[in-house]
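One letter stands for each residue in the lines below.
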Amino acid sequence: MRNAFTIAAKDLRLRFRDKSIFILGFIAPFALATIITLAFGGDALGGERTFGLVDQDKSEISRAFAEGLKSRDLEEILITKEYADVEQVRRLIDKGDLSAAFVVPSGFNAAIQSGEKSHIQVLAHPERQISGEIAGAIALGFTSRINSTSLAVSTALAGEGPPSPGRVNALVDEAALIEPPIAVVERSAASSKELKPASYFGPAMAIFFLFFIIQFGARSILIERAQGTLSRLLSTPSSPGAIILGKVMSTFVIGVASLGTLVITTSLVFGAEFGDPLAVAVLCIVTVLAVMGITGFVVTFSKTDQQADSIGGVVVMALALLGGNFIPINQAPELFRRLADFTPNGIALKTFTELIAEGGGLLSILPALASILAFGVVTGGIAVFRARRMVLA
Amino acid sequence: MGARDVERAKETGEGKDKVSDPILICNNLSKTFGERTAVDDVSFQIQEGEAYGLLGPNGAGKTTTISMICGLMRKDKGEVVVAGQTIDERSTKSKSGIGYVPQEVALYPDLSGAENLKFWGKLYGLPSEVLKKRVSEVLELVGLTDRSAERVSKYSGGMKRRLNIAAGLLHEPRLLVLDEPTVGVDPQSRNAILENIEKLNAEGMAVLYTSHYMEEVERLCDRVGIIDEGKLIAEGTRRELVEQIGQTDRIEVAAEGDLNKLAKAAKRLKDVEDASVSDTGVQMLAHEGRNMLPKILEMSEKAGVRVSGVEVIEPDLEAVFLHLTGKALRD
């Protein structure tokens, strides 16, 4: 065990002397996260969003929707301005003066009263996808709630004979107030924080580069074998297990330092929020372990350092694309969203966002942690087994 | 200790105990890679303080044999015992008896010379005070004290080789195993390396030295094992090996006077197989050439020949290797 620590300390010293760790581990992921974050425009840096509302229905329910948007719960997150003309709103969105807009179509109230499905139209600029998503979530939450309320009212009135319009409206208002749309909107309002690009792309880029950093650590066995130091290590009173453990420890420390630094930096610089610190810390650790397992797996199936580098590069790019390290996976087609659930980085990114969206803690993400860790345990177990054979080849 | 002192120590056995128990016992070592047998049933022993040379061409199985001795590689068959302890790839503490100097410069280029030595010394569990002292001592031994703070990447090839040896000496092993430590080294550094090894051996450290340079093995080693195609085909002192193949010494007598008379007289001597007149004197082929010198000088005086010099050229290991394998060492 003492020799494992000695080997780990030596590896860390060598890694920090080799400046590439700062580039791969800190500078490159931060720079890329910054570029991508800035590319998301106003969504990226500003917490304030201005939404437009066109009320073509002018009914009690459409007014209730407008009031809900201006409620105290939402005013910290978005500002709502009302407009009469849909075309004017479109122009303002195109100019970037509005983040998104709601259009309550005429006949909205009537559709509800007749028991038909009702819809609120959402307008958003294609480049402001997050604002569009927020608006969509608010509108969907409201219409779902009001449609279910309508159904409940219809059921309540059954058997009372034909209701008067006033009676229906009164019951609709009453039902909506019992479970106001804001209850739905509150969840969406929280989601608006999670959707800050920095909160997503900070960890996304950190995990992407984590593969390269950790791969370099795993490849160090091949490098040591090529330069002859592995033989000399084995000639000392160090077992193959101690040598592997030393490498695992140094790689783990570098991985956690890199991912942790990125999370903290994006939080400080971009105001990104990540949720419960303990849960985030454990998520970072488990993600590092999974990446270590996968890269170790790839390296131990390679004969030379060059081969490990090439194969590793392909695997990393495939995982990054499937897991959503470059494009938020919720914007990808359904097939890709499903595939992301089979990548540790995809699950990790999803868990990072869920921690903010749902405000959960360590317990709430245990299933996700177990899934990520499973990747690490299976691939890492095979890697350690093969590494022992590789060391004594 | 200078080169002459070393030579004297080798001749007198000073600092050595050549009749003690073996420091290394190798029994029936075998290793196969796929269809190729790299080491085939190799057995030999090294005594305390002895310098043993494993001589063979590239690919003969020297490095594989050493790898099994040092526990770097699994053996297919056989046993290695160092200082009474069995060594295999799972051994840890028992490896402390061995100082291994690999063929490659097995050092970390981005660490300084002193940092490299401290790292390797720590792996042998040396306490910090002892480690500090030993680092200083081995740096002094290999003449790198002044450059110890520099990164190894800035060292010359010869300096790296010297530090490579120093790393194997930190824990004062009882057996120093050197795998072709002078490959690619300039003559000056090569000589410095050989002097260091001679010095350590004269002080009592057993040495296992592999090389395909016959001169190095002849210079350093008390006994030699000749290995070819994975098999140890001959073993013994240089003299014993030469005698095995029945070769004679060549004696060059530089002289003036009646050289034919001297040659005829020499032929009558029991151990002289042949004698002939050459451009500079008389050339003889004889067994135990060195022992013949007093008789030759006496004979020359009787024949009225004035001798200005005598050189005994013994058959070398190259000749032995050629005789045993039908090929040259550097093939």
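Residues numbered from 1 in each chain as written. Chains lettered and ligands numbered in written order. Predicted model: local features only at pLDDT ≥ 70, side-chain atom pairs only at ≥ 80, totals over all residues.

Below, the discussion takes up the overall build of chain B. Counting its secondary structure elements, chain B contains 11 helices and 14 strands. Sorting the 331 residues of chain B into buried and exposed places 45% on the buried side. In chain B, the share of contacts with a sequence separation of at least 24, taken over all contacts with a separation of at least 6, comes to 69%. (Helix = DSSP H or I, 4+ residues; strand = E, 2+ residues; numbered from the N terminus. Buried ≥ 20, exposed ≤ 12 C-beta atoms within 10 Å, placed from the backbone. Contact = placed C-beta atoms within 7 Å.)

Before going further, it helps to spend a moment on the overall build of chain A. Of regular secondary structure, chain A possesses 18 helices and 4 strands. Among the 393 residues that make up chain A, the fraction classed as buried is 47%. The contacts in chain A between residues at least 6 apart in sequence include a share of 79% that link residues at least 24 apart.

Residue and element names in this part refer to chain A. One way to put it is that helix 11 (residues 197–227) packs onto helix 13 (residues 240–270) with a least axis distance of 9 Å and a crossing angle of 160°. Considering their axes alone, helix 11 and helix 13 lie roughly antiparallel with respect to each other. Here the hand of the crossing between helix 11 and helix 13 comes out right-handed. Contacts from A198, G202, P203, A206, I207, L210, I213, I214, G217, A218, S220 and I221 in helix 11 reach K247, S250, T251, I254, G255, S258, L259, L262, V263, T266 and F270 in helix 13. Of the residues contributing to the contact of helix 11 with helix 13, the split by class is 14 nonpolar, 8 polar and 1 charged. (Axes fitted to C-alpha atoms, helices over the stretch in contact; angles between N-to-C directions. Parallel < 35°, antiparallel > 145°, perpendicular 65-115°, else oblique. Left-handed = near helix turned anticlockwise from the far one by under 90°. Nonpolar A, V, L, I, M, F, W, Y, C, P; charged D, E, K, R; others polar.)

A word on the pairing of strand 7 (residues 175–179) of chain B. When a strand is regular, its side chains alternate between the sheet's two faces. Residue and element names in this part refer to chain B. For strand 7, a buried count of 5 out of 5 residues is recorded, marking the element as mostly surrounded by other parts of the structure. By the alternation rule, side chains of strand 7 split into L175, V177 and D179 and L176 and L178, which are all buried. Both strand 6 (residues 98–101) and strand 7 contribute to a ladder of 4 bridges, which runs parallel. Note that in strand 7 the partner of G99 across the bridge is L176. Of the pairings in the sheet, the one linking strand 7 to strand 8 (residues 206–211) comprises 5 bridges and is parallel in character. (Pairing = 2+ DSSP bridges.)

All right, on to the sheet that holds strand 8 of chain B then. Residue and element names in this part refer to chain B. Taken together, the 6 strands give an open sheet; going across it, the order is 6-7-8-3-9-10, and neighbouring strands pair in mixed fashion. Edge positions in the open sheet fall to strand 6 and strand 10 (231–236), since each of these has one partner strand only. On average, each strand axis in the sheet is inclined to that of its neighbour by 15°, with strand direction left out of account. Bridging between strand 3 (residues 51–55) and strand 9 (residues 223–228) involves 4 bridges; their strand directions are parallel. Counterpart to Y52 in the pairing with strand 9 is R223.

Residue and element names in this part refer to chain A. Across its 19 residues, helix 15 (residues 305–323) extends 26 Å between first and last C-alpha, which sits within 8% of the 27 Å expected from 1.5 Å per residue. For helix 15, the set of buried residues is A308, G312, V316, L319, A320 and G323. Angular distribution of buried residues about the axis of helix 15 spans 95°; they occupy a single face of the element. For helix 15, the exposed residues lying more than 90 degrees away from the buried face are Q306, S310, V314 and A318. Note on helix 15: the residue one or two positions beyond its end, G324, has a positive phi of about 90°. (Expected span 1.5 Å × (residues − 1). Arc of directions from axis to C-beta.)

Residues and elements named next belong to chain B. With 6 of 6 residues buried, strand 9 lies mostly within the body of the structure. Alternating residues of strand 9 divide into R223, G225 and I227 and V224, I226 and D228, and every residue in both groups is buried. Of the pairings in the sheet, the one linking strand 9 to strand 10 comprises 5 bridges and is antiparallel in character. Its bridge partner being in strand 10, G225 is matched across the sheet by E235.

Here we take up unusual backbone geometry. Residues and elements named next belong to chain B. Within the chain, D41 stands out as a residue other than glycine whose phi angle is a positive 55°. Position of D41 among the secondary structure elements: in strand 2 (residues 36–47). Although it is not a glycine, E172 adopts a positive phi angle of roughly 50°. Position of E172 among the secondary structure elements: in the loop between helix 5 (157–167) and strand 7.

Attention now goes to the nonpolar core. If you look at the biggest cluster of nonpolar residues, it comprises 149 residues, and the most contacted ones within it are L210 of chain A together with L175, V177 and V207 of chain B. With 18 residues, helix 11 of chain A is the single largest residue contributor to this core. Ignoring any residue separated from it by four or fewer positions in sequence, one finds L210 of chain A in contact with G255, S258, L259, V288 and V291 of chain A. Of all hydrophobic cores here, the second largest spans 28 residues; its members include V54, V103, L123 and I138 of chain A. (Core = buried A, V, L, I, M, F, W, Y, C linked by C-beta atoms within 7 Å.)

On to the environment of T351 of chain A. Residues and elements named next belong to chain A. One can find T351 in helix 17 (residues 344–357). Given 24 C-beta atoms within 10 Å, T351 falls into the buried group. A C-alpha to C-alpha distance of 6.8 Å links T351 and A368, two positions 17 residues apart in sequence. Not counting residues up to four positions away in its chain, the partners in contact with T351 are L283, I365 and A368.

A word on the sheet that holds strand 4 (residues 121–124) of chain A. Residues and elements named next belong to chain A. With mixed pairing, 4 strands are arranged side by side in an open sheet as 2-1-3-4. Whereas interior strands pair on both sides, the edge strands pair on one side only; in this sheet they are strand 2 (78–83) and strand 4. Direction aside, neighbouring strands of the sheet carry axes that sit 25° apart on average. In this structure, strand 1 (residues 49–55) lies alongside strand 2, joined through 6 bridges in parallel fashion. In the sheet register, G52 faces strand 2, and the bridge partner there is K81.

Further remarks concern the environment of P277 of chain A. Residue and element names in this part refer to chain A. Its place among the elements puts P277 in helix 14 (residues 277–300). For P277, a count of 11 C-beta atoms within 10 Å puts it in the exposed group. Distance in space between the C-alpha atoms of P277 and L355 is 9.8 Å, their sequence separation being 78 residues.

Residues and elements named next belong to chain B. Among the 11 residues in helix 3 (residues 113–123), 10 count as buried, and that is most of the element. Turning to helix 3, its buried residues number three or more, namely G113, E115, N116, L117, K118, F119, W120, G121, K122 and L123. Where helix 3 terminates, the next one or two residues include G125, which has phi positive at roughly 75°.

Here S371 of chain A lies in helix 18 (residues 366–391). It is 9.3 Å that separates the C-alpha atoms of S371 of chain A and A348 of chain A, two residues lying 23 residues apart in sequence.

Quick look at the confidence of the model for chain A now. Residue and element names in this part refer to chain A. Here chain A averages 78 in pLDDT, and 80% of its residues register 70 or above. Taken element by element, chain A is modelled with least confidence in helix 10 (residues 181–194), mean pLDDT 34, and with most confidence in helix 12 (residues 229–235), mean pLDDT 91. Ignoring residues within four places in sequence, the model shows residues 42–48, a span with pLDDT below 50, making 12 contacts including any to other chains. (pLDDT = per-residue confidence, 0-100.)

Moving on, we come to the confidence of the model for chain B. All names here are of chain B. For chain B, the average pLDDT comes to 86, and 92% of its residues sit at 70 or higher. The least confident element of chain B is helix 1 (residues 3–12), whose mean pLDDT is 43; the most confident is helix 3, at 95. Interface confidence for the predicted complex, expressed as ipTM, amounts to 0.77; the pTM equals 0.69.

What follows deals with the packing of helix 13 of chain A against helix 14 of chain A. Residue and element names in this part refer to chain A. Two elements in contact, helix 13 and helix 14, have axes whose closest approach is 9 Å; the angle formed by their N-to-C orientations is 135°. In this view, helix 13 runs oblique relative to helix 14, as classed from their interaxial angle. Handedness of the helix 13/helix 14 crossing: right-handed. On helix 14, the residues touching V248, T251, F252, G255, V256, L259, G260 and V263 of helix 13 are V280, C284, I285, T287, V288, V291 and M292. Of the residues belonging to the contact of helix 13 with helix 14, the class tally is 11 nonpolar, 4 polar and no charged.

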